[in-house]
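Take a look at the letters that make up each chain.
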Number of protein chains: 2
Amino acid sequence: MTADHSMSRAADVRMCGFARRSTVQAALAWVDGHSPRLEAERASVWLAAVRVLAADVVSQADVPQFARSMMDGYALRAADTQGATAYNRLPLAVIGQSLPGKPFEGIVGKGQAICIMTGAPLPAGADAVLPAEQIEIQGDTIFALDEVPPGKNVGRRGEDVSAGTTVFKAGRVLRPQDLGVLSSMGQREISVVRKPRVQLVITGNELLPAGSPAEGYQIADANGPMLAALVARDGGNARIASGGREPPDGSAPVADQPEREADASRSPMINYLVPDDPAEILAAMRENSADIVIVSGGSSVGQEDHAPILLAEHGDLAIHGIAMRPSSPTGMGILDGKLVFLLPGNPVSCLCAYDFFAGRAIRRLAGRSADWPYASRRLPLARKLVSQVGRVDYARVRIANGQVEPISISGASILTSTTQADGFVIVAADSEGFAAGTNVDVFLYD
Amino acid sequence: MTADHSMSRAADVRMCGFARRSTVQAALAWVDGHSPRLEAERASVWLAAVRVLAADVVSQADVPQFARSMMDGYALRAADTQGATAYNRLPLAVIGQSLPGKPFEGIVGKGQAICIMTGAPLPAGADAVLPAEQIEIQGDTIFALDEVPPGKNVGRRGEDVSAGTTVFKAGRVLRPQDLGVLSSMGQREISVVRKPRVQLVITGNELLPAGSPAEGYQIADANGPMLAALVARDGGNARIASGGREPPDGSAPVADQPEREADASRSPMINYLVPDDPAEILAAMRENSADIVIVSGGSSVGQEDHAPILLAEHGDLAIHGIAMRPSSPTGMGILDGKLVFLLPGNPVSCLCAYDFFAGRAIRRLAGRSADWPYASRRLPLARKLVSQVGRVDYARVRIANGQVEPISISGASILTSTTQADGFVIVAADSEGFAAGTNVDVFLYD
């Protein structure tokens, strides 16, 4: 073997690195230009929480569809209570009762009342409810001890939702109580934005399936489980390439079937990994119908970095190499109409590039906010944070005593730098970093 | 029918209300005294995101298990580069290469180098990596243009995780990157706190199944879908009572099978509702093995309020009636060793009582923080917020122009008051409310 033969391409490239790196800004603009909200699908009202409404919801009917009592008490004509006090008890004949779902079918006449429970329909004739605390009972007669104005303690028809109202706007991320309102409106199924289907292609000859004990110089894949969880968090359905082998048990791990897959005896231990072989990588990228393909590993310009070349040859490699650290060897483009993200194999780079670009695309396709899916806090730096002008930095930090402490271990291979961190700070490309005491926005991992 | 006969119990109770209301504080203390963290179960590393670690995780091995290159370049003996500059190029013989997973098996001797890629094992003999940018190539010889100290550009064995380290503490809510680290450590399955099983019992003769169009004086159940979503959010597995009928399709809606159930053609439209009948309610409370039973509706002291009496007769009704608004007719206790929460049927009360008590119990059983699962912001009130001394108030508010505006529609039946709100403010029992301009904590629904 001669160095200049076997390594020639890699060496060439290494000498010059990426011919030209894109800015983070340009890459984000590309993502935003290629990730329109997906079409609608129907979801059961039982299962639509955290889904995104695909269209405005306009109520077709009043909720409730009848006037109802807001109290336990007596439905009557308000006029009949006029002048009632404890010293001027006014008698009313109790002629029936109204329970929720079991209304009084007659008409409440002058001098009459019916016993009514909270939520029960207000009977015809009655226009108010006198609370039980304001009466005395004697056989079939009650005595009003106080007067009530018309409408008192009555919930009017349509008071929760009135017909024709736009109850929710398209794009709303549905809350639990929204499902209650939609259910009340007679919506058994909700029109929500379809979840993006995400094909994960985990490459690397050095890898063993996730959770394998290390063997010799082989290491367990860290990116597969991490990416599957990130995709689920961002509202996508992750599906992992089977590496050309039979998919196990009908399908490979899909992130949103926790109950089924949490059954330990069925944990996937198949080798889903895709070797560093161009034909196998291409096949895995094309294996399933997907909206997005995420390739982990082999995204740079070395001799084992096949994915960028494949994407350039068979599709469109729109961006390759980004002025940022980590994650500089990130690529993106289009293959067979699908969005493709080429993420570095180093796990910190993989996480960072996912969050910057692939996750953003998934969130946008899913109809969610494109923003970081992390809460942020503005806090002062405990010590200076140095960055290089010309690239965006993703700096892991701890928060201690209300101050932000950069984590000094910054290697892209040290994934524990992101588990020991409380979050990260982004340093813009035109910044040399920040002096101690500067207030910075920390995006919190939790 | 005579009022004093059929309504006697209800009327008695109505005249005096609850004999004695518990304080919110006492009810919370009861919850905390009866919701110990559940036992551990195993979950696949692919599906353990957002699960809670049941035990500390101590690494059994170094990650990585070998020293590796941090750069694309040449592995060599650092001493061989001593004195190298562009004007004093020092030659080294390239004798092989090391790729990730395909190490160089020989020993790098004095005056020798091997071509090495990022992540590849450092060969025996070598103690540093000279980046590709700092060499020139001539055939099988490279010339070092700069010197490197020992250890330079080398990731040491165990630099990510060293054997014996406690990597994660019990109780940690697992992040996506945590799964990557656990996978690297050879953990195919993780010991996590079991998810609480929650039996939902939705009662009310006036109810139709969720999402039904209203008919006559029947209204669609709003609480079932809302509670199922709340339980899922808090880390529980909701299962809905089948109301004594055959459960549909093997099981009723389970909140965390979104993919399967989102299939619209299979949306449950069975009548899972439990009639206001003591025997049926008791059967539904006992139907499935569960950690927690949540009964919606019939929780007060009226003639159709069977659940509190059943709980008192067959188990322990520890608390019934709480000094708060809404949700005052809330109960809790123990039946057959299971925690039981009796929530009011009015949907706002149901939401509020769930969040205060049942949700807290689920979060605690699941090993999560007992706190409100809502972010909070401290903001000034736009106008005064009045409350009554002696009870806790749950006031829905909007945020506009950075100020907090109480929502005036406060009926417990108006669920849209919680969908139009941005969040809520809690007013303590000893407070008469807050003046305009007071800074208050708003818990945000989103």
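Further up the page is the structure itself.
Residues numbered from 1 in each chain as written. Chains lettered and ligands numbered in written order. Predicted model: local features only at pLDDT ≥ 70, side-chain atom pairs only at ≥ 80, totals over all residues.

**Describing the overall build of chain A**
The criterion, for reference: Strands here mean DSSP runs of E at least two residues long; helices mean DSSP runs of H or I at least four residues long; both are numbered from the N terminus. Residues with at least 20 neighbouring C-beta atoms inside 10 Å of their own are called buried, those with 12 or fewer are called exposed, and the rest are partly exposed, where every C-beta is derived from the backbone. By the convention adopted here, residues are in contact when the distance between their C-beta atoms, placed from the backbone, does not exceed 7 Å.
A count of helical and extended segments in chain A gives 10 helices and 28 strands. Classification of the 446 residues of chain A by burial places 55% in the buried group. Once local pairs closer than 6 in sequence are excluded, the contacts in chain A between residues at least 24 apart make up 69%.

**Topic: the relation of the copies chain B and chain A**
Formally: The superposition of copies rests on a least-squares fit of C-alpha positions from residues with pLDDT of 70 or more in both.
Between chain B and chain A, the superposition needs a rotation of 180° and an axial shift of 0.0 Å, giving an RMSD of 0.1 Å. Taken together, the turn and the small shift mark the pair as related by a two-fold rotation axis. Taken as a fraction of all interface residues of chain B, those also at the interface in chain A reach 99%, which identifies the copy contact as same-surface.

**Looking at the packing of helix α3 (residues 24-33) of chain B against helix α9 (residues 347-365) of chain B**
All names here are of chain B. Here is the rule: Every angle, taken between N-to-C directions, lies between 0 and 180 degrees, and every axis is a line fitted to C-alpha atoms, over only the stretch in contact when it is a helix. Working definition: roughly parallel below 35 degrees, roughly antiparallel above 145 degrees, roughly perpendicular at 65 to 115 degrees, and oblique for all remaining angles. Should the near helix be turned counterclockwise from the far one by less than a right angle, the crossing is left-handed, whereas a clockwise turn marks it as right-handed. Under the scheme applied, nonpolar residues are Ala, Val, Leu, Ile, Met, Phe, Trp, Tyr, Cys and Pro; charged residues are Asp, Glu, Lys and Arg; polar residues are all the others, including Gly.
Packing of α3 against α9 leaves a shortest axis separation of 9 Å and a crossing angle of 25°. With respect to α9, the axis of α3 lies roughly parallel. The two elements α3 and α9 cross, and the hand of that crossing is right-handed. Side by side, α3 and α9 meet where Val24, Ala27, Val31 and Asp32 of the first sit next to Phe356, Phe357, Arg360, Ala361 and Arg364 of the second. Residues belonging to the contact of α3 with α9 are distributed by class as follows: six nonpolar, no polar and three charged.

**Considering helix α3 (residues 24-33) of chain A**
Defined as follows: For this quantity, the arc is that covered by the directions from the helix axis to the C-beta atoms.
Where α3 of chain A is concerned, the buried positions are Val24, Ala27 and Val31 of chain A. With its buried residues spanning 65° around the axis, α3 of chain A presents them on a single face.

**Thoughts on the sheet that holds strand β16 (residues 237-240) of chain B**
All names here are of chain B. To keep things clear, this is the line we draw: When DSSP finds two or more bridges between two strands, those strands count as paired.
In space, the six strands of this open sheet follow the order β16-β13-β17-β21-β20-β18, with mixed pairing throughout. Edge strands, defined here as strands with exactly one partner in the open sheet, are β16 and β18 (316-320). The average angle at which neighbouring strand axes cross in this sheet is 20°, direction not considered. By the bridge criterion, four bridges tie β18 to strand β20 (residues 331-335) in an arrangement that is antiparallel. Residue pairing across strands places Ile319 opposite Met332, the latter belonging to β20.

**Things to note about helix α5 (residues 223-233) of chain B**
Most of α5 of chain B is tucked away, with 10 of its 11 residues classed as buried. Within α5 of chain B, burial applies to Asn223, Gly224, Pro225, Met226, Leu227, Ala228, Ala229, Leu230, Val231 and Ala232 of chain B. Each element contacted by the buried residues of α5 of chain B is listed here: α4 (176-184) of chain A together with β13 (197-202), β16, β17 (292-296) and α9 of chain B. Two residues or fewer after α5 of chain B comes Gly235 of chain B, characterised by a positive phi angle close to 90°.

**Comments concerning the nonpolar core**
The condition that has to hold: Residues enter a nonpolar core if they are buried, belong to Ala, Val, Leu, Ile, Met, Phe, Trp, Tyr or Cys, and are joined to the set through C-beta atoms within 7 Å.
With 202 residues, the main nonpolar core has Val201 and Ile294 of chain A together with Val201 and Ile294 of chain B as its most contacted residues. In this structure Val201 of chain A touches Ala241, Val274, Ile281, Ala284, Met285, Val293, Ile294, Val295 and Ser296 of chain A, once residues within four positions along its chain are discounted.

**Regarding the environment of Leu47 of chain B**
All names here are of chain B. With respect to the secondary-structure elements, Leu47 resides in the loop between β1 (40-44) and β2 (57-58). Taking the number of C-beta atoms within 10 Å as the measure of exposure, Leu47 has 29 and is therefore buried. For the pair Leu47 and Val425, spaced 378 residues apart in the sequence, the C-alpha separation amounts to 35 Å.

**Digging into the interface of chain B and chain A**
Taken together, the contact pairs 108 residues of chain B with 107 residues of chain A. By residue class, the composition of the side of chain B that touches chain A is 56 nonpolar, 31 polar and 21 charged.

**Some points on the sheet that holds strand β9 (residues 141-144) of chain A**
Residues and elements named next belong to chain A. Reading across the sheet, the six strands line up as β7-β4-β6-β5-β9-β8 and stay open at both edges, with mixed pairing between neighbours. Of all the strands in the sheet, just β7 (128-131) and β8 (135-138) have a single pairing partner and so form its edges. Between one strand axis and the next, the sheet turns through 40° on average, direction left out of account. As defined by bridge partners, strand β4 (residues 73-76) adjoins strand β6 (residues 112-116) across four bridges and the pair is classed as antiparallel. Residue Gly73 lies in a different strand from β6, and its bridge partner there is Ile116.

**What to know about the pairing of strand β24 (residues 392-400) of chain A**
Residues and elements named next belong to chain A. Here two bridges tie strand β19 (residues 324-325) to β24, and the two strands are oriented parallel to one another. The residue bridging Arg325 from the neighbouring strand is Asp393, located in β24. In terms of strand pairing, β24 meets strand β26 (residues 423-427) through five bridges, oriented antiparallel. Looking across to β26, one finds that Asp393 is bridged to Val427. With four bridges connecting them, β24 and strand β25 (residues 403-406) associate as antiparallel partners. Of the residues in β25, the one forming a bridge with Ile399 is Val404. In this structure, the hairpin formed by β24 and β25 is closed by a connection of two residues, where Asn401 is found at a positive phi of approximately 55°.

The quantities given are spatial measurements derived from coordinates; they are silent on function.
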